[in-house]
Amino acid sequence: MRTAKKTVPTLDLFRLAAVLLVVMNHTSPLADVSAMADFWLTRVLARVAVPFFLMTTGYFLSRNHWAGVGRQLKKLCLLYGVCILLYLPVNLYAGSFTGPADVLRKLLVDGTFYHLWYFPATILGIVIARWLSRLGHRVALPVAALLYLIGLGGDSYYGLVSQIPLLRTLYDGIFTLCGYTRNGLFFAPLFLLLGVAGRRWNQKLSLAGFFLSLAAMSAEGLWLHRMDVQRHDSMYLALPLCIVCLFSLLLGRNKGESRKVREFSTAVYVLHPLCIVLVRGAAKLLGLGEMLIENSVLHFIVVLALSALLSAPCLLRLQKKPSPTARAWREVDLAALGHNAQVLWNTLAPGTELMAVVKAEAYGHGGAVTARTLQRAGVRAFAVACLAEGIALRKAGIRGTILILAYTSPEETPLLTRWHLTQTVADIDHGRALAARGRRVHVHLALDTGMHRLGILAENRKEILEAFRLPNLVVDGVFSHLYVSDSLEAEDVAYTQEQLTLFYDTVAWLRTAEYDPGKVHIQSSYGLWNLPAQPCDYVRAGIALYGVRSDDAPVQRSLDLRPVLSLRARVASIRTVQAGESAGYGRVFQAEQETKLAVVTIGYADGLPRDLPQRGGQVLIQGRRCPMVGRMCMDQLLVDVSDLSEVAPGDTVTIIGRDGGQVIRAEELAACCGTITNELLSRLGMRLPIVSG
Ligand SMILES: *Cc1c(COP(=O)(O)O)cnc(C)c1O
């Protein structure tokens, strides 16, 4: 048996080289040697650095299927804020702000210090790239390339382009808003999206491509420089090709990540201009100007050393928490959730509201994050299964009605009152016991129209009236549950109709007897899919909100719902077994030929059905379907990856969701193990962190 090679995080390590180039760009170490050499080093070669940062950012974002995009943007904003404060004294000392418009322009586009343009550019670039990427590479890349070309005209080619009066006016307009076209609109999206598309090509080809395009870029830069047409010298025609080849070269050797190196290089990037200021100040104070400022090589070395020293704590710092996407995780698409709520809402009769069923941690999607998102989308009523879930929602800041759908012990009545929760009356004895506690409790009366699970029998009008008259119980609503509304069989459809008739008759009788039934509700998700809009106050929607059906059985009405949850894990190890060898517990898997196996970091303790591999379960790796093999372990499973040439430890494995052109739907997985998505999703274990975006 062979194991995979040692891992080297080439992509992260190259950040060190890139940041070195940035420091050179700002210190011109070769200025004393030759003006030409200095120009080539700092204005041509060093221009590779920032596009490389952007490309890796795009690559890692898409590798996590954009799940971390919200977090990444928040982090960038925070870091930019810290940088602004850090450089504020220098700004004030140098008097670099000329007025409110100038402050705004620098804050939002150009950066408040010369190197800080990177932050607003990356932030805006990510937003644009994310938006463009939804349109697919074929649209996104050409649009971003066009933006880059426009940017080029305001940069290295300005002197040529501005000879055309119309274009000159155009660029003059642009330059009233920003100092450079090297920004989040014209510059960042292309490199971010090239990173998103990030492919490993043949290594020799990549190497040759890199040197050829670098040579082309050098010729281009020197020619433009000699022609004296450059307004700025940040963008070249050959730069994207050069960076794509370089990236492919590095990606081909990349294994794993190094967060410490990433943070260290970011710190050097952020701090080195401050170090330039400090070194110059110190040199003047100590009378060492000749040595530390005028000697360009020495100046560069001292600045670099000081920046590295100040950034060193990043390398020593202990990581506090494991990254949520380090092992196996649930990805929750909040935009899809909001979209689904809107779609469901649109199907309701006027006056009917959505009651979001968020029991069982919102069917495995995370109770708090789901309810908060829905509250922001305008949902004012929620349903949970038990008291603890209701309290958790209140603690998470959920207002409005929270209805507990199942039994709560009468002993807990004080907590129902304390947290303003609405309790379902399970039967008349439950109602009596709740009332006997002597505290006002808000309740919805469940009517049993045939399911015989909870509620007072709809025919038992004596008990219904008793419930209404009980002291302390405030009846805010009356509801029932349809339990074959998922079926389109004639017999079941007729049965559902009988339930509806019994329910509406009972409600009508209550009204004529001058009892206010309050909020009336009976439909849940399948009631929405298979019935016309009902004259009710609420629809209790669960599974439909999460963008999936319970199974693939047909429904009456097709709704444009999007799956909210994806389930992903990582490749831990790659190993090859020879024909005749077995793998996993019970020697269930027997290799018939040489087989490449990936060990994947998820198992039945995370909520996956243990018999999934034996029932034909599959995963997606690099957008390809790979079969699970052997017996699933508690924390790991085996996948046959013989068909993949480049699979490596750290690669993302998709168990539910999309990867490239392929998708594994929750319905497919549920069908595979003979259950419904409701069960599959709600069982996803607490060990799977939720990453939302
Ligand atoms: C769980 C539940 C729902 C939600 O059902 P979905 O089919 O997921 O929409 C509605 N009503 C009651 C009483 C429930 O227990």
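In this text the structure is predicted, and so the values were computed from the model without any measurement.

1. Side note on the pairing of strand β16 (residues 618–621)
Note that β16 and strand β17 (residues 624–629) share 4 bridges and pair antiparallel. Bridge pairing in β17 places Q618 opposite P627. Taking the residues between adjacent antiparallel strands as the criterion, β16 and β17 are bridged by 2 residues, where Q622 takes a positive phi near 50°. Here β16 pairs with strand β19 (residues 652–659) via 2 bridges, running antiparallel. In the strand pairing of β19, L620 is matched with T654.

2. Description of the pattern of salt bridges
Scanning the model with the defined rule gives 17 salt bridges in all. In this structure, R47 engages D233 in a salt bridge whose closest nitrogen and oxygen atoms are separated by 2.7 Å. Of this pair, R47 sits in the loop between α2 (35–44) and α3 (49–63) while D233 sits in the loop between α11 (203–227) and α12 (239–253), and the two are 186 residues apart along the sequence. Each member of the pair, R47 as well as D233, carries the same accessibility label: buried. When the shortest N-O distance is used, the salt bridge between R105 and D110 registers 3.5 Å. Since its relative accessible area comes to 27%, R105 is described here as partly exposed. Here the salt bridges share partners, and the residues they tie into one network are R327, D606, D635 and R687.

3. Points about the packing of aromatic side chains
Geometry of an aromatic ring pair is reported as the spacing of the ring centres plus the angle between the planes. By the definition in use, this model includes 26 aromatic pairs. Look at F52 and F247: their rings are 6.4 Å apart centre to centre, the planes differ by 55°, and that puts the pair in the tilted class. With F52 in helix α3 and F247 in helix α12, this residue pair connects regions lying 195 residues apart in the sequence. For F247, a relative accessible area of 1% gives the class buried. Between the aromatic rings of F503 and Y504, the centroid separation amounts to 5.7 Å while the plane-to-plane angle is 55°, which identifies the pairing as tilted. Judged by its relative accessible area of 0%, F503 falls in the buried class. Between the NZ or CZ atom of R231 and the centre of the ring of Y158, over which it lies, the distance is 5.1 Å.

4. Focus: the domain arrangement of the chain
Here the domain parsing of the chain yields domain 1 (1–15 + 258–320), domain 2 (44–257), domain 3 (334–546) and domain 4 (565–664). For domain 1 and domain 2, the distance between their C-alpha centroids amounts to 22 Å. Counting residues at the interface gives 20 residues for domain 1 and 26 residues for domain 2. Here domain 1 meets domain 2 over a buried area of about 2000 Å², counting both sides, of which 72% is carbon and sulfur. On inspection of domain 1 and its partner domain 2, the count reaches 0 salt bridges. Seen at the junction of domain 1 and domain 2, the total is 7 residue pairs in polar contact (both at pLDDT 80 or more). Listed by contribution, the elements that provide at least two residues to the side of domain 1 that touches domain 2 are α1 (10–27) and α13 (259–286). The element that contributes the greatest number of residues to the side of domain 1 that touches domain 2 is α13, accounting for 10 residues.

Definitions and limits used
Residues numbered from 1 in each chain as written. Predicted model: local features only at pLDDT ≥ 70, side-chain atom pairs only at ≥ 80, totals over all residues. Heavy atoms only, no water. Pairing = 2+ DSSP bridges. Helix = DSSP H or I, 4+ residues; strand = E, 2+ residues; numbered from the N terminus. Salt bridge = Lys/Arg side-chain N within 4 Å of Asp/Glu carboxyl O. Buried < 20%, exposed > 50% of the residue type's maximum accessible area, 1.4 Å probe, protein only. Phe/Tyr/Trp six-rings, centres within 6.5 Å; stacked < 30°, edge-to-face > 60°. Lys NZ or Arg CZ within 6 Å of the ring centre and 35° of its normal. Domains from an automatic or database assignment. Contact = heavy atoms within 4.5 Å. Buried area = accessible area lost by both parts, 1.4 Å probe. Polar contact = N/O pair within 3.5 Å; in protein donor to acceptor, adjacent residues only side chain to side chain.

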